[in-house]
Amino acid sequence: MLAVVGLGGALGTLLRHGVSVWLPHAAGQVPWSTLLVNVVGCGVIGAFMVAITETAVSHRLLRPFVGVGVLGGLTTFSTYAVDVVELVLAGRPRLALGYLVGTVLATLAAVVLGVVGMRVMLRWTRAEGGRR
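Residues numbered from 1 in each chain as written. Predicted model: local features only at pLDDT ≥ 70, side-chain atom pairs only at ≥ 80, totals over all residues. Heavy atoms only, no water.

Here we look at helix H3 (residues 62–74)
Buried within H3 are the following residues: Pro64, Val66, Gly67, Gly69, Val70, Leu71, Gly73 and Leu74. Along its buried surface, H3 packs onto helix H1 (2–22) and helix H2 (32–53). (Buried < 20%, exposed > 50% of the residue type's maximum accessible area, 1.4 Å probe, protein only. Helix = DSSP H or I, 4+ residues; strand = E, 2+ residues; numbered from the N terminus. Contact = heavy atoms within 4.5 Å.)

Looking at the packing of H1 against H3
At their nearest, the axes of H1 and H3 sit 6 Å apart, and the two run at 35° to each other. Our pair here, H1 against H3, has a crossing hand that is right-handed. Across from Val4, Val5, Leu7, Gly8, Gly9, Leu11, Gly12, Thr13, Leu15 and Arg16 in H1, the residues of H3 making contact are Pro64, Phe65, Val68, Gly69, Val70, Gly73 and Leu74. Here the contact of H1 with H3 is composed, by residue class, of 10 nonpolar, 6 polar and 1 charged. (Axes fitted to C-alpha atoms, helices over the stretch in contact; angles between N-to-C directions. Left-handed = near helix turned anticlockwise from the far one by under 90°. Nonpolar A, V, L, I, M, F, W, Y, C, P; charged D, E, K, R; others polar.)

Put into structure tokens, the structure is as follows:
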């Protein structure tokens, strides 16, 4: 189990690093890469948990690999917290507060959208399957 989580975490961390290289930010600027990985990761976790709990039985290691490992490695609360502090230290307290609150709201919204979107997609897929 630990190896599966570790392997998934390594993959997620590499993905996060790739996004930070692709979308770097300067000191005192909005850390878009951190915001992006956190919002996308939260949306995917919402959809993923619905997919594996409301459909066919999945392999016992799928949830730890993807949910804890990959998505846990992709998303980052620690970098988010450091980004907030760096914005304050750069003399951007309003931006820091907006980023602090905005990230929480955006990630919660992403989870809800992921859950609702996956449930709609599953309902649509089941309805289409019944018409054949």
